[in-house]
Amino acid sequence: MPGASTIARATAGKEVFRQNCSACHFTETTVQKIGPGLKDLYKRTFSNGRRVTDATLEKWIEAGGKDMPGFKESVKPEQIRALISYIKTL
């Protein structure tokens, strides 16, 4: 069972997702909205063929890619880490 700090981080990440990502991504499915659905994201690869890991996902969120804008200037590093914790729960 995840620790309290892991749960708190994922909960904070859910709010970051709601504010910044939910307009373009579904969480409960892999179905495309504007961007891909994020369910089971860690079992897939990015459109560039790279495996999804914490490090590659962090870079993708910061820089953007394909049709996704980068969020490095608008989302703080600790918020990105919380967002990744949340995405890992999907």
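Further up the page is the structure itself.
Residues numbered from 1 in each chain as written. Predicted model: local features only at pLDDT ≥ 70, side-chain atom pairs only at ≥ 80, totals over all residues. Heavy atoms only, no water.

A. Highlighting the overall build of the protein chain. When its secondary structure is counted, the protein chain shows three helices and zero strands. Going from the N terminus to the C terminus, the protein chain shows its helices and strands as α-α-α. The C-alpha atoms of the protein chain give 12 Å as radius of gyration, which agrees with the globular expectation for 90 residues (12 Å, within 12%). A principal-axis box enclosing the C-alpha atoms of the protein chain has dimensions of 35 × 25 × 25 Å. Long-range contacts, defined here as pairs at least 24 residues apart, represent 36% of the contacts in the protein chain between residues at least 6 apart. By element, 54% of the accessible surface of the protein chain is carried by carbon and sulfur atoms, the whole surface being about 5900 Å². Considering the protein chain, the positive charge centre built from 15 side chains and the negative charge centre built from 9 side chains are found 4 Å apart. (Helix = DSSP H or I, 4+ residues; strand = E, 2+ residues; numbered from the N terminus. Rg over C-alpha atoms; globule rule 2.2 N^0.38 Å. Contact = heavy atoms within 4.5 Å. Areas by Shrake-Rupley, 256 points an atom, 1.4 Å probe, with all protein chains shown as cover. Lys, Arg positive; Asp, Glu negative; His and termini not counted. Charge placed at Lys NZ, Arg CZ, Asp CG, Glu CD.)

B. Quick peek at the nonpolar core. Core analysis: the biggest nonpolar cluster contains 18 residues, and F17, L38, L41, L57, I61, L83 and I87 have the highest contact counts within it. Those elements that provide at least two residues to this core are α1 (4–20), α2 (54–63) and α3 (77–87). In terms of residue count, the dominant contributor to this core is α3 (five residues). For L83, the residues in contact, after removing those within four places along its chain, are G13, V16, F17, C21 and I61. (Core = buried A, V, L, I, M, F, W, Y, C linked by side-chain atoms within 4.5 Å. Buried < 20%, exposed > 50% of the residue type's maximum accessible area, 1.4 Å probe, protein only.)

C. Spotlight on α3. Of all the positions in α3, only I80, A82, L83, I84, S85, Y86 and I87 are classed as buried. Summarising the contacts, the buried residues of α3 are in contact with α1 and α2.

D. Molecular detail of the pattern of salt bridges. With the rule as written, the count across this model stands at three salt bridges. Across the pair K43 and D40 runs a salt bridge whose closest N-O atoms are separated by 3.8 Å. In this structure, K88 and D54 form a salt bridge, with 3.2 Å as the shortest nitrogen-oxygen distance. Residue K88 is located in the segment after α3, and its partner D54 is located in helix α2; the two are separated by 34 residues in the primary sequence. Its relative accessible area of 45% is what places K88 among the partly exposed residues. (Salt bridge = Lys/Arg side-chain N within 4 Å of Asp/Glu carboxyl O.)

E. Representation of α2. Listed as buried for α2 are T56, L57, W60 and I61. Looking down the long axis of α2, one finds its buried residues gathered within 135 degrees of arc, a one-sided arrangement. What points out from α2, more than 90 degrees from its buried face, is the exposed set K59 and A63. Each element contacted by the buried residues of α2 is listed here: α3. (Arc of directions from axis to C-beta.)

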